[in-house]
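Chains, contacts and geometry: an overview
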Amino acid sequence: MREFGFGVSPYLNARRYCPAAKPGGEPLPEGLLWLLLTGKVPTTEQVNALSKELRSRAIIPDHVYKAINALPITAHPMTQFTTGVMALQVQSEFAKAYESGIHKSKYWEPTFEDSLSLIAQLPAVAAYVYRRIYKNGEVVAADDSLDYGANFAHMLGFNSPAMQELMRLYVTIHTDHEGGNVSAHTGHLVASALSDPYLSFAAALNGLAGPLHGLANQEVLLWIKSVVDECGENITKDQLKDYVWKTLNSGKVVPGFGHGVLRKTDPRYMCQREFALKHLPDDPLFQLVSKLYEVVPPILTELGKVKNPWPNVDAHSGVLLNYYGLTEARYYTVLFGVSRSIGICSQLIWDRALGLPLERPKSVTMEWLEKHCNKSA
């Protein structure tokens, strides 16, 4: 088995080396989970065993659905999803073990149990929210013969092999890429207080729901559709430049471009571009995304206020989902949330195994602030 340091982009290693459902296909998300937990790329047998383990943990108690149903159907999908996660918390093995006086050297063990169960249960909860809001509450039962990504697509109501492949790719590349983003850091922060994985992940989801974080994938598709509504699908690059400048001059940003850490095109964007070139090269919205890739970075560079003018992961995902029939952009952040559980929960397990301390942000005095501002000026 190959071994990798955690500094290497894990989703890219998963795409290159982890087992796939078919030859030359997209990686199974279970393989990435194994990689994040062990630092090693799993064999097909190990991935199949992990898939089976996750399926055995994917039973949802009735009270979870009742908690979600107590909300108005008009509530944002992320609100309903996070409510479901909080309702799952009553089964926390870590909370029970801590109350019983477990030694701190063993904290990682119930954290591991909670994390696997949470990861296993999230697709069913997320699919229930989708079917409740958009499909008249007609729930699709899980298919235990399918892998994690394919079964998620199935429970959402999409059974084409292409959509199953897309969901495997989507979950894999949206897990996590570094600990400094809002959702991953929030999960780490809350867990440092010894909150269990359910509470920690629910907090992470609330961060993910923000427009400057996970909600951006919803905003991208809506913006792209606004381009089409105003200019048509066969928009020229010059027209597109005008529309981009119009967006910027109105005080808004071009969603899907720029990143707080990366200083080059997001490799997760490139993974999705490769998928689109293979499966939907003639799709008008994909062709528009390709034009944006050429048009937007030079404009943002000219603007001079953006350190990274290149597209990020959100710039592409909505177009792929839309192509295969998942057109409800308001729901997209829930998909992001399911995916992110693999990265966040893996980090929580390692946090507990390493015995990391309570995280306490640094406080500063007014005097320090004054000196800092004077120095900056």
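Treat the numbers as computed from the prediction; the structure is a model and nothing was measured.

Before going further, it helps to spend a moment on the overall build of the protein chain. Helix and strand counts for the protein chain stand at 18 helices and zero strands. Counting only C-alpha atoms and orienting by the principal axes, one finds that the protein chain spans roughly 65 × 60 × 50 Å. Put simply, the protein chain has 377 residues, and 53% of those count as buried. The positive charge centre, built from 36 side chains, and the negative charge centre, built from 37, are 4 Å apart in the protein chain.

Scanning the entire structure with this criterion turns up 13 aromatic pairs. With 6.4 Å between their ring centres and 70° between their planes, F275 and Y324 make a pair best called edge-to-face. Note that F275 is positioned in helix α14 (residues 267–279) and Y324 in the loop between α16 (314–323) and α17 (332–354), a separation of 49 residues in sequence. Taken individually, F275 and Y324 each receive the classification buried, so the pair is uniform in this respect. Ring geometry for Y323 versus Y324: centroids 4.9 Å apart, planes at 90°, classification edge-to-face.

Among the ten residues in helix α2 (residues 29–38), eight count as buried, and that is most of the element. Every buried residue of α2 is accounted for by P29, E30, G31, L32, L33, L35, L36 and L37. G39 lies just past α2 and shows a positive phi near 80°.

Here we take up the pattern of salt bridges. This model, assessed by the stated rule, comprises nine salt bridges. With a closest N to O distance of 2.7 Å, R57 and E113 form a salt bridge. Of the two residues, R57 sits in the loop between α3 (44–56) and α4 (62–69) while E113 sits in helix α7 (residues 108–134), which places them 56 residues apart along the sequence. Here E113 falls in the partly exposed class, since its relative accessible area comes to 33%. One salt bridge in this structure joins K371 and E367, with 3.4 Å as the shortest N-O distance.

We now examine the environment of V295. Within the secondary structure, V295 is located in helix α15 (residues 284–303). The spatial distance from the C-alpha of V295 to the C-alpha of R273 is 16 Å, given a sequence separation of 22 residues. Once residues lying within four places of it in the same chain are set aside, the contact partners of V295 are K237, L240, K241 and V244.

At a minimum axis distance of 9 Å, the contact between α2 and α17 shows a crossing angle of 25°. One element, α2, and the other, α17, form an angle in the roughly parallel class. As for the relative orientation of α2 and α17, their crossing is right-handed in sense. The segment α2 lies against α17, with P29, L33, L36 and L37 engaging I342, G343, S346, I349 and W350.

With that settled, the discussion passes to empty space enclosed by the protein. Under the criterion given, the structure shown has two cavities of 30 Å³ or more. In this model, the largest cavity occupies a volume close to 50 Å³. Of all the elements in the fold, those that place two or more residues in the lining of the largest cavity are α12 (216–231) and α15. Tallying contributions element by element places α12 first for the lining of the largest cavity, with three residues. Along the lines of polarity and charge, the residues of the lining of the largest cavity split into nine nonpolar, no polar and no charged.

Following the UniProt record, the feature "active site" (unreviewed entry) maps to H213, H259 and D314 here. Here H213 lies in the loop between α11 (197–208) and α12.

For the rest of this paragraph, the subject is α11. Here α11 contains twelve residues, and its C-alpha end-to-end distance of 16 Å stays within 8% of the 16 Å for a straight helix at 1.5 Å per residue. The buried count for α11 comes to ten of twelve residues, which makes it a mostly enclosed element. As for α11, its buried residues are in contact with α5 (77–88), α6 (93–99), α7, α10 (182–191) and α17. Between a side-chain oxygen at the N-terminus of α11 and the backbone nitrogen of Y198 the separation is 2.9 Å; the capping residue is D196.

The biggest cluster of nonpolar side chains holds 96 residues, and the ones touching the most others in it are F81, L156, L326 and Y331. With 13 residues, the single largest contributor to this core is α7.

Applying the stated criterion across every chain yields a total of zero disulfides. Not part of a disulfide, C345 finds its nearest cysteine sulfur in C18, a span of 18 Å. Overall, the relative accessible area of 0% leaves C345 in the buried class.

This part is about the environment of A120. In this fold, A120 is placed in helix α7. The class of A120 is buried, set by a relative accessible area of 7%. It is 21 Å that separates the C-alpha atoms of A120 and P161, two residues lying 41 residues apart in sequence.

Further remarks concern a nonpolar patch on the surface. Taken together, V364, M366, W368 and L369 make up a surface patch of nonpolar side chains, about 380 Å² in accessible area. Tracing the sequence through the fold places W368 in helix α18 (residues 366–376).

For the second largest pocket, the calculated volume is near 320 Å³. For the lining of the second largest pocket, the secondary-structure elements that each account for two or more residues are α3, α7 and α8 (148–156). No other element matches α7, which puts six residues into the lining of the second largest pocket. In terms of residue class, the lining of the second largest pocket is made up of 17 nonpolar, two polar and five charged.

Criteria and cut-off values
- In this convention, every chain numbers its residues from 1, walking through the sequence in written order.
- Only residues with pLDDT of at least 70 get local features here, since the model is predicted, and only at 80 or more are side-chain atom pairs given and counted; chain-wide, interface and lining totals rely on the full set of residues.
- To obtain the side-chain values, all non-hydrogen atoms of the structure were used and water was disregarded.
- Labels follow the DSSP assignment, with helices taken as runs of H or I lasting at least four residues and strands as runs of E lasting at least two, numbered in each case from the N terminus.
- For every residue, the accessible area obtained with a 1.4 Å probe (protein chains only) is divided by the maximum for its type, and the residue is called buried under 20%, exposed over 50%, and partly exposed between those limits.
- When charges are counted, neither His nor the chain ends are considered; positive counts come from Lys and Arg and negative counts from Asp and Glu.
- In plain terms, the charge of a residue is placed at NZ if it is Lys, CZ if Arg, CG if Asp and CD if Glu.
- Stacked, tilted and edge-to-face are the three classes applied to pairs of Phe, Tyr and Trp rings, where Trp contributes its six-membered ring and a pair requires centres within 6.5 Å; stacked means planes under 30 degrees apart, edge-to-face means over 60, and tilted covers the rest.
- A carboxyl oxygen of Asp or Glu within 4 Å of a side-chain nitrogen of Lys or Arg is what we treat as a salt bridge.
- Pairs of residues are marked as contacts when any of their non-hydrogen atoms sit within 4.5 Å.
- To obtain each axis, a line is fitted to C-alpha atoms, and for helices this fit is confined to the stretch in contact; angles are then taken between N-to-C directions over 0 to 180 degrees.
- Note on angle classes: values under 35 degrees are labelled roughly parallel, values over 145 roughly antiparallel, values of 65 to 115 roughly perpendicular, and the remainder oblique.
- Left-handed describes a crossing whose near helix is turned anticlockwise from the far helix through less than a right angle; right-handed describes the clockwise counterpart.
- The way it works is a 1 Å grid over only the protein atoms, where trapped points that fit a 1.4 Å probe form a cavity and open points with protein on both sides within 12 Å along at least five of seven lines form a pocket, and then any residue with an atom within 4 Å of a point lines it.
- Grid points are joined across faces, edges and corners, and a volume is the space filled by probe spheres set on the points.
- Think of it as three bins: nonpolar holds Ala, Val, Leu, Ile, Met, Phe, Trp, Tyr, Cys and Pro, charged holds Asp, Glu, Lys and Arg, and polar takes everything else, Gly as well.
- UniProt positions are given in the numbering used here, feature names are shortened, and annotations may be inferred rather than shown by experiment.
- Here the expected span of a helix is defined as 1.5 Å times the quantity of residues minus one.
- N or O atoms within 3.5 Å of each other form a polar contact, as long as, within protein, one can give a hydrogen and the other can take it, and as long as residues adjacent in sequence are counted only when both atoms are side-chain atoms.
- Nonpolar cores are built from buried Ala, Val, Leu, Ile, Met, Phe, Trp, Tyr and Cys residues. Side-chain atoms within 4.5 Å join them into one set.
- Here, two cysteine sulfur atoms that lie within 2.5 Å of each other are counted as a disulfide.
- Here the term patch refers to residues with relative accessible area over 30% and no salt bridge, with like charges joined within 9 Å and nonpolar side chains (Val, Leu, Ile, Met, Phe, Trp, Tyr) within 5 Å.
- Only the protein chains shown count as cover for residues, and the accessible areas themselves come from Shrake-Rupley with a 1.4 Å probe.

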